[in-house]
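Here's the letter readout for the chains.
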Amino acid sequence: MNLIDTIRLEKIFHGDAVQTIALRKINFSVKAGDFVAVMGPSGCGKTTLLNILGMIDNWTSGDYFLMGQNVGLLKEKQRTNLRKSNIGFVFQNFNLIEELTVFENIELPLQYLGWKQKPRHERVNELLEKMKLSHRKDRFPVQLSGGQQQRVAVARAVVANPPLILADEPTGNLDSMHGEEVMMLLDSLNKEGTTIIMVTHSQRDASYSRRIVHLFDGQIINENLNKLE
Amino acid sequence: MTGNYFKIGIRLLLRQKGYTLLNIIGLTLGIVVFIFILLYLENEIRYDKKWIDKDNTYRITSRFTSEEKHENIALTPFRLANDLKSNFPEVKEATNLFFTDPSDANDVATISWKERKFEVPDISLCDENFFNVFDYPFLEGHPDSALLNANSIVISSEVAAEIFQGQLALGQSLQTSLRNYTVTGVIDQSAHPSHLNFDALVSVNSLPDEQKTMLERDHFWMTCYTYIQLVDTTDVLDFSYRFNEFQRKGERIYLQDEKLDIEGNLSYHLEPVSQIHFNTALLYDSPTNVDLSNLIIFGIIAAFILLTASINYINLATARSIKRSREIGVRKVLGASRIQLVVQYITESFIITSISFLMALAAVEWLTPQYNKLLGKKLNLFDSLFSSDDPAFVVLLIVLVIGLSVFGGGFPAFMLNRYKPTQMLQGNTLSTEKKQLSTPGIRHLLVTVQYVVSIGMIMSTLIVYAQLSFLNNHELGFNKENVLVVNVPQDTVSRRLIPELIKKTELLETVMGVCATQNVPGFTAGKLLFQSDTNAAGSMQTINYFRVGPQFFSLLEIPLVSGSYFNELSGSDTSTNYILNEAAVDFLGLDSAIGTPFDQVGRSGGKIVGVVSNFNSSSLHRNVEPLVFILSEANPRYIMIKCEDGQRDQVQPDINSLWAEFGTKSGLHFISLEEKLESLYRGDTKLLGLFFYFSLFVVFISSLGLYGLSSFLIQQRTREIGIRRVLGGSQNQLILMLSKGYLRLVLFSGLITIPLVYYLMNHWLDGFAYQISLHAGFFVVAILIALLIAFTTVLIRSFKITKEQPAVSLKAQ
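Model, not experiment: these values are computed from the prediction.

## Brief notes about the packing of helix H3 (residues 102-113) of chain A against helix H4 (residues 117-130) of chain A
All names here are of chain A.
Thought 1: Following both chains from N to C, one finds H3 and H4 inclined at 130 degrees, their axes separated by 10 Å at the closest point. Between H3 and H4, the interaxial angle falls into the category oblique. Helix-helix and strand crossings are classified by hand; for H3 and H4 the assignment is right-handed. For the pair formed by H3 and H4, the contact residues are Val102, Phe103, Ile106, Glu107, Leu110 and Gln111 on the first element and Arg120, His121, Arg123, Val124, Asn125, Leu127 and Leu128 on the second.

In structure tokens form, the structure reads like this:
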């Protein structure tokens with residue numbers, strides 16, 4: 001069974017006078033443990049696809065199955081529960097909460113999952129060690145470099161051990177050195193079994209993936225395997 | 001998780017100090033005003049609610065009905081209490097308290113103790129049962145025996161503190177100008193807010209026997225408040241009917257015995273003691289009574305002020321949600337449920353509300369002395385907060401904090417919860433979404449509500465001010481200027497010296513005229529039963545009377561319509577001559593008044609010798625009423641002195657020097673007639689003060705809100721402003737563009753306020769016999785004031801941003 005299946009997935013944005021078709025009847029599947037890079041020019045629908053896969057946006061028609069569940073049939077609350085236990089997000093602009101420290105930002109998904117304090121703190125500390133962020137754990141996001149912020153964002157995305165990570169241009173705001181660092185992190189997570197879907201403009205970032213999907217005007221125009229196992 | 005909410009909330013508020021400060025100041029001011037109004041209302045509601053057996057305690061009121069007219073008065077004859085207790089087993093207790101005009105602030109008695117003199121504003125008489133009905137706590141003495149003996153006096157703890165300053169008061173001897181008293185009790189009045197107004201109570205047994213006998217006989221001498229306590233099972237309606245029948249029988253016998261024939265009918269009614277404070281319809285009633293509808297208006301004002309303050313918070317929070325949308329979006333993506341987000345917002349709101357609330361409590365405590373001065377009350381925040389027998393106040397305040405937190409935090413949370421995480425994550429970049437998130441429609445509605453309250457308060461203040469100015473400048477029908485009123489001490493030594501003092505005063509160069517009198521304009525003496533010969537049957541009428549000296553009319557420049565003044569008469573027995581005002585002549589239906597036989601019931605040989613123009617003998621709340629003037633030179637209560645222009649301040653020390661020459665112990669009290677008349681409108685002046693300060697608060701709170709809101713929204717438009725400037729927009733055009741939306745809202749708020757204020761203030765004006773008419777000027781001026789304040793508020797912010805170089809503005813995100 002695939003981790004993700006979309007069948008004729010369509011998304012239309014209705015503006016005041018115009019309507020924009022963002023995704024045109026897309027059929028797209030991802031197996032568990034895969035690392036997929038979604039590429040294409042600006043406005044081709046990459047981020048829209050990612051948002052729908054992450055259940056933070058609705059689609060107009062078609063079906064979406066996540067781990068065998070028809071997401072279209074789920075209520076908002078059920079989608080939230082499904083999301084928080086199974087999906088981690090990494091954004092281009094990090095989207096860390098400025099009022100929370102590094103530790104608290106990473107801790108947040110576990111709080112929403114209702115973890116008790118002791119295991120929660122253990123898990124966060126473990127991750128901080130792994131991400132080499134322990135010495136920065138009490139800092140606020142504005143006190144960190146871009147690379148450090150994205151490492152925190154990745155840590156927050158994986159803290160609950162989700163089987164799937166959705167990354168939207170994770171290196172877009174980073175210099176090449178820090179970008180490399182983040183990509184290696186994602187690569188190692190994938191090697192540990194986490195499925196990753198990453199939207200990117202960067203060929204270099206895409207080279208870390210196993211499969212590259214090219215989108216153009218809301219359609220998948222090309223799909224190819226990137227590297228061998 | 002809860003700790004986390006607090007931690008984040010506090011950090012967030014600390015990071016945005018300006019925003020937090022604006023919210024806290026606005027909310028604190030709102031809560032301060034709310035608590036002040038609440039304290040006032042709570043105090044009013046507590047009146048007469050704590051008496052022992054209050055549910056079975058009633059005051060008896062009287063109603064005179066004659067032809068079409070009827071008059072409700074709070075007074076009854078002295079004998080009524082005794083009649084009821086002796087003849088009706090259901091009357092468990094009955095007592096009476098003598099009427100002294102408590103609105104007459106100058107009517108003070110001087111009490112001497114060990115050569116020192118103290119002024120006690122209100123000493124009243126009552127019988128020995130008084131404390132069985134009104135169970136004041138006794139700090140000294142015992143209620144059962146306190147008023148048994150003649151010349152015993154019970155004083156309030158305030159009076160005791162002033163005179164004895166911590167020493168034991170019980171058994172001490174106090175002298176007034178009338179007699180010597182022994183202190184038999186000290187009571188604590190603070191525990192029982194009540195319509196009863198007295199500083200000291202004297203046993204009725206102190207009255208001379210002759211006077212007491214007259215009081216015990218008379219069925220129509222309305223001189224006391226009568227209170228009764230009924231047994232629990234009494235059918236009040238049935239009892240009222242039976243005791244009225246009983247009284248009517250007694251009155252008939254009395255009239256036959258006295259050979260009197262009174263036109264009209266006298267009936268009695270029972271009024272629950274707990275409702276007395278809210279009855280303003282009776283004559284001779286407590287001046288501290290309040291109109292219940294005024295209290296309701298104050299309650300509504302309090303609620304609206306609080307609403308105004310919390311709207312600031314909501315408006316700023318929803319406006320700020322544009323900025324916070326990304327954070328909330330992230331939280332949603334990470335799995336936060338709706339409830340968790342609502343709790344997050346409510347926690348932040350709770351932090352701000354709690355800080356504001358604590359600051360408000362401190363501010364209220366600090367400002368309470370000034371507020372008490374304004375209201376003439378003794379309100380105490382901590383007494384109300386920690387009242388052991390009635391936790392309603394503190395419960396209400398706790399509900400207030402929770403309510404404000406939920407309302408203030410829940411509303412923006414609810415607004416944000418409507419949006420999808422993607423919309424929120426893009427909130428700063430997609431203009432259409434941003435507009436949605438900023439919810440301008442609801443914010444406009446909330447700003448409109450704020451300005452309806454603000455403009456309403458400004459309009460009301462203008463109207464109250466105009467009405468009081470109108471009363472001050474109203475032609476009263478007599479000349480009140482340069483008239484000094486001196487209280488005459490009532491001891492025999494002083495009384496004997498008064499004629500001599502008057503003679504010496506008349507010789508002062510600074511004095512134009514002197515008149516000894518028992519009554520001065522503005523203060524009612526009461527009613528007497530008069531008989532006019534023109535009416536064949538039922539010729540008796542109760543009419544207001546003034547006992548005045550011969551110079552009364554000339555001193556006050558009251559014009560004569562026909563006949564003569566008292567001082568123009570010579571030879572005949574002046575005690576049987578009466579002067580009437582025009583209203584009394586109309587009331588009696590006399591075609592030709594002069595020479596008409598007219599007298600007090602029980603006397604004969606009197607006639608009407610003069611008719612004077614109508615003048616306002618009482619407050620302008622009431623119309624001119626029929627009034628009979630009785631010449632009375634003996635035992636005056638006051639000396640009125642007409643001073644030369646600008647000499648008033650000189651006359652007082654001159655008279656004091658003359659009085660000192662006599663070497664008497666009693667002192668003289670001076671007050672100008674103008675000041676004395678102003679005291680009639682003390683309640684209205686208080687209202688003006690309250691409206692004025694509340695208006696200031698509300699307008700300031702609203703302006704604060706508008707400043708915060710406009711700052712925030714103008715900041716969001718920085719880039720747009722830069723583009724407009726590049727395209728040629730002038731600073732003035734841009735300021736106008738930024739302000740006009742708000743000004744339109746203020747104008748709209750003003751227009752919808754007009755009918756509301758028109759209705760409410762007309763209701764208030766109906767309480768005056770003489771009133772201004774509400775014209776468009778009040779409304780236009782109030783709206784203009786509000787527009788000016790709103791424009792200035794927005795201008796401060798927009799001026800700064802429109803002055804910025806376009807290159808800088810264009811860089812804004």
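Right, picking up where we left off after that structure.
## What about the side chain of Gln600(B)?
Thought 1: Within the fold, Gln600(B) resides in strand S21 (residues 598-600).
Thought 2: Overall, the relative accessible area of 9% leaves Gln600(B) in the buried class.

## Overview of the packing of aromatic side chains
Residue and element names in this part refer to chain B.
Thought 1: Enumeration according to the criterion identifies 39 aromatic pairs over all chains in this entry.
Thought 2: The interplanar angle of 85 degrees and the centroid separation of 6.3 Å between the aromatic rings of Phe546 and Phe552 together place this pair among those described as edge-to-face.
Thought 3: In textbook terms, an aromatic cluster arises when at least three aromatic residues are bridged by ring pairs, as seen for Trp51, Phe130, Phe131, Phe134, Tyr136, Phe138, Phe198 and Tyr227.

## Concerning the interface of chain A and chain B
Thought 1: Listed as interface residues are 23 residues of chain A and, on the opposing side, 22 residues of chain B.
Thought 2: For the pair chain A and chain B, the summed buried area comes to about 2200 Å², and 57% of that belongs to carbon and sulfur atoms.
Thought 3: Sorting the residues of chain A by area buried against chain B places Ile56(A), Glu99(A) and Tyr112(A) first, and these three jointly supply 31% of that buried surface.
Thought 4: Between the two partners, chain A and chain B, sit 2 salt bridges.
Thought 5: Scanning the region where chain A abuts chain B turns up 5 residue pairs in polar contact (both at pLDDT 80 or more).

## Observations concerning the pattern of salt bridges
Thought 1: With the rule as written, the count across this model stands at 29 salt bridges over all chains.
Thought 2: Linking Glu104(A) and Lys7(B) is a salt bridge whose minimum nitrogen-to-oxygen distance equals 2.8 Å. Linking Glu104(A) in helix H3 with Lys7(B) in helix H1 (residues 2-15), this pair reaches from one chain into another.
Thought 3: Judged by relative accessible area, which is 6%, Glu104(A) ranks as buried.
Thought 4: A relative accessible area of 35% means that Lys7(B) is categorised as partly exposed.
Thought 5: Ionic pairing is found between Glu126(A) and Arg123(A), a salt bridge with its closest N-O pair at 3.4 Å. With Glu126(A) and Arg123(A) both in helix H4 and 3 residues apart, the pair spans about one turn of that helix.
Thought 6: The class for Glu126(A) is partly exposed, based on a relative accessible area of 48%.
Thought 7: Each of Asp34(A), Arg211(A) and Glu223(A) takes part in a single network of salt bridges with overlapping partners.

## Some points on the confidence of the model for chain B
All names here are of chain B.
Thought 1: Averaged over chain B, the pLDDT score is 84; the fraction of residues at 70 or greater is 92%.
Thought 2: Between residues 102-106, whose pLDDT stays under 50, and residues either more than four places distant or in other chains, the model counts 16 contacts.
Thought 3: Long-range and interchain partners of residues 428-437, a stretch whose pLDDT sits below 50, account for 16 contacts in this model, where long-range means more than four residues apart.

## Some thoughts on the pairing of strand S23 (residues 627-631) of chain B
All names here are of chain B.
Thought 1: With 5 of its 5 residues buried, S23 lies for the most part within the structure.
Thought 2: Of the two faces of S23, the one carrying Leu627, Phe629 and Leu631 and the one carrying Val628 and Ile630 are both buried.
Thought 3: The pairing of strand S18 (residues 540-548) with S23 spans 5 bridges and is classified as parallel. Note on S23: the bridge partner recorded for Phe546 is Phe629.
Thought 4: As paired elements, strand S20 (residues 577-581) and S23 share 3 bridges and run antiparallel to each other. Its bridge partner lying in S23, Ile579 is registered against Phe629.

## Observations regarding the state of the cysteines
All names here are of chain B.
Thought 1: The full count for this structure, using the stated rule, is 0 disulfides over all chains.
Thought 2: The thiol sulfur of Cys126 is not disulfide-bonded, and the nearest other cysteine sulfur, from Cys224, lies at 9.8 Å.
Thought 3: Left unpaired, Cys643 is separated from the closest cysteine sulfur, that of Cys515, by 14 Å.
Thought 4: Residue Cys643 is classed as buried on the basis of its relative accessible area of 0%.

## Quick look at the sheet that holds strand S2 (residues 19-30) of chain A
Residues and elements named next belong to chain A.
Thought 1: Strand order in this open sheet of 4 strands is S2-S1-S4-S5, and the pairing throughout is antiparallel. Every other strand in the sheet has two partners, leaving S2 and strand S5 (69-70) as the edge strands with one partner each.
Thought 2: Pairing between strand S1 (residues 4-14) and S2: 8 bridges, direction antiparallel. Counted as the bridge partner of Leu9 is Ile26 from S2.
Thought 3: Docked against the sheet, helix H1 (residues 46-53) engages S1, S2 and strand S4 (61-66), running at close to 120 degrees with respect to S1.

## What about the pairing of strand S3 (residues 35-39) of chain A?
Residues and elements named next belong to chain A.
Thought 1: Within S3, 5 of the 5 residues are buried, leaving the element largely enclosed by the surrounding structure.
Thought 2: Where burial is concerned, the two faces of S3 agree: the one with Phe35, Ala37 and Met39 and the one with Val36 and Val38 are both buried.
Thought 3: By the bridge criterion, 4 bridges tie S3 to strand S8 (residues 195-199) in an arrangement that is parallel. The residue of S8 that forms the bridge with Val36 is Ile197.

## Focus: the nonpolar core
As a rule of thumb, nonpolar side chains are buried together in soluble globular proteins.
Residue and element names in this part refer to chain B.
Thought 1: By size, the foremost hydrophobic cluster in this structure holds 129 residues, and its most contacted members are Ile35, Phe298, Phe552, Phe629 and Phe694.
Thought 2: When residues of this core are assigned to their parent elements, the largest contribution, 16 residues, is made by helix H2 (residues 17-45).
Thought 3: Residues within four places of Phe552 in sequence aside, it is in contact with Cys515, Thr517, Asn519, Pro521, Phe546, Ile558, Phe615, Phe629 and Met640.
Thought 4: Membership of the second largest hydrophobic core comes to 52 residues, among which are Leu80, Phe138, Tyr225 and Val273.

## A few points about H1(A)
Residues and elements named next belong to chain A.
Thought 1: With 7 of 8 residues buried, H1 lies mostly within the body of the structure.
Thought 2: Lys46, Thr48, Leu49, Leu50, Asn51, Ile52 and Leu53 are the residues of H1 that are buried.
Thought 3: In the stretch just after H1, Met55 is the one whose phi turns positive, near 60 degrees.

## Focus: the environment of Pro597(B)
Thought 1: Summarising the element assignment, Pro597(B) is placed in the loop between helix H17 (582-588) and S21.
Thought 2: For the pair formed by Pro597(B) and Gln531(B), sequence separation is 66 residues and the distance between their alpha carbons is 8.5 Å.

## Thoughts on the sheet that holds S20(B)
Residue and element names in this part refer to chain B.
Thought 1: Read from one edge of the open sheet, 7 strands run S19-S22-S20-S23-S18-S17-S21, paired in mixed fashion. Here the strands that pair on one side only, and so sit at the sheet edges, are strand S19 (560-563) and S21. Going from strand to strand, the sheet's axes swing by 40 degrees on average, the running direction of each strand aside.
Thought 2: Where S19 meets strand S22 (residues 607-612), 3 bridges bridge the pair, whose relative direction is antiparallel.

## Things to note about empty space enclosed by the protein
Thought 1: Tallied over the full model, the rule gives 4 cavities of 30 Å³ or more.
Thought 2: For the second largest cavity, the calculated volume is near 80 Å³.
Thought 3: If you go around the second largest cavity, you meet 13 residues; those closest to its centre are Lys84(A), Ile87(A), Gly88(A), Pro109(A) and Leu334(B).
Thought 4: Contributions of two or more residues to the lining of the second largest cavity are made by helix H2 (76-86), strand S6 (87-90) and helix H5 (146-158) of chain A.
Thought 5: Tallying contributions element by element places S6(A) first for the lining of the second largest cavity, with 3 residues.
Thought 6: Grouping the amino acids of the lining of the second largest cavity by side-chain chemistry returns 9 nonpolar, 1 polar and 3 charged.

The rules behind each value
- Residues numbered from 1 in each chain as written.
- Chains lettered and ligands numbered in written order.
- Predicted model: local features only at pLDDT ≥ 70, side-chain atom pairs only at ≥ 80, totals over all residues.
- Heavy atoms only, no water.
- Axes fitted to C-alpha atoms, helices over the stretch in contact; angles between N-to-C directions.
- Helix = DSSP H or I, 4+ residues; strand = E, 2+ residues; numbered from the N terminus.
- Parallel < 35°, antiparallel > 145°, perpendicular 65-115°, else oblique.
- Left-handed = near helix turned anticlockwise from the far one by under 90°.
- Contact = heavy atoms within 4.5 Å.
- Buried < 20%, exposed > 50% of the residue type's maximum accessible area, 1.4 Å probe, protein only.
- Phe/Tyr/Trp six-rings, centres within 6.5 Å; stacked < 30°, edge-to-face > 60°.
- Buried area = accessible area lost by both parts, 1.4 Å probe.
- Salt bridge = Lys/Arg side-chain N within 4 Å of Asp/Glu carboxyl O.
- Polar contact = N/O pair within 3.5 Å; in protein donor to acceptor, adjacent residues only side chain to side chain.
- pLDDT = per-residue confidence, 0-100.
- Pairing = 2+ DSSP bridges.
- Disulfide = S-S within 2.5 Å.
- Core = buried A, V, L, I, M, F, W, Y, C linked by side-chain atoms within 4.5 Å.
- 1 Å grid on protein atoms, 1.4 Å probe; cavity = no way out; pocket = protein on both sides within 12 Å on 5 of 7 lines; lining within 4 Å.
- Points joined across faces, edges and corners; volume = space filled by probe spheres on them.
- Nonpolar A, V, L, I, M, F, W, Y, C, P; charged D, E, K, R; others polar.

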